[in-house]
Amino acid sequence: MWAYTVGFTVLPHVGGFLGWFLNRKEIPAWYEKLKKPSWCPSRRAFPVAWTMLYTGMGYASYLVWSDLGGCSSKAIVPLGLYGAQLLLNWAWPPLFFGARNLNMVMGLPCWFWGAL
């Protein structure tokens, strides 16, 4: 059973790592030059925060999967909504850093609320 726990917990990190890897050159080239408010956290805080968030999200999805009997009909809707939220979350870095499409990035919260 530990393999499922690890798999569900690691899965969100895959998209997070991929988003970072594909956009890592844009951070110093573009993001650092943006005008940000004084209360904006340091760039070093983001990997720590996202690691904690993705780990919590992944483990929570495992708990839902486990409590609802695996891939049963009861688990389809909650895990499907979780998957939609995760895909939207993974879409954010390429849109923000890669495409620099701030209008689309600002529209993502509407999609998040729709998926909720």
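Parameters and conventions
- Residues numbered from 1 in each chain as written.
- Predicted model: local features only at pLDDT ≥ 70, side-chain atom pairs only at ≥ 80, totals over all residues.
- Heavy atoms only, no water.
- UniProt positions renumbered as here; feature names shortened; annotations may be inferred.
- Helix = DSSP H or I, 4+ residues; strand = E, 2+ residues; numbered from the N terminus.
- 1 Å grid on protein atoms, 1.4 Å probe; cavity = no way out; pocket = protein on both sides within 12 Å on 5 of 7 lines; lining within 4 Å.
- Points joined across faces, edges and corners; volume = space filled by probe spheres on them.
- Nonpolar A, V, L, I, M, F, W, Y, C, P; charged D, E, K, R; others polar.

1. Let's talk about the UniProt feature "transmembrane region" (unreviewed entry) in the chain
Alright, step 1. On the UniProt side, "transmembrane region" (unreviewed entry) is annotated at positions that read residues 6-23, 44-64 and 76-97 here.
Alright, step 2. Between the C-alpha atoms that bound residues 44-64 there is a distance of 31 Å. The span itself is 95% helix and 0% strand.
Alright, step 3. Helix makes up 100% of residues 76-97 and strand 0%, whereas the separation of the span's terminal C-alpha atoms amounts to 32 Å.

2. Examining the layout of surface pockets
Alright, step 1. Estimated volume of the largest pocket: approximately 850 Å³.
Alright, step 2. Considering the residues around the largest pocket, the lining is formed by 26 residues, among which Trp20, Phe46, Pro47, Trp50 and Phe97 are closest to the centre.
Alright, step 3. Put simply, the parts of the chain that give the lining of the largest pocket at least two residues each are α1 (2-23), α2 (26-29), α3 (45-67) and α4 (73-98).
Alright, step 4. When grouped by side-chain class, the residues that make up the lining of the largest pocket number 16 nonpolar, 7 polar and 3 charged.

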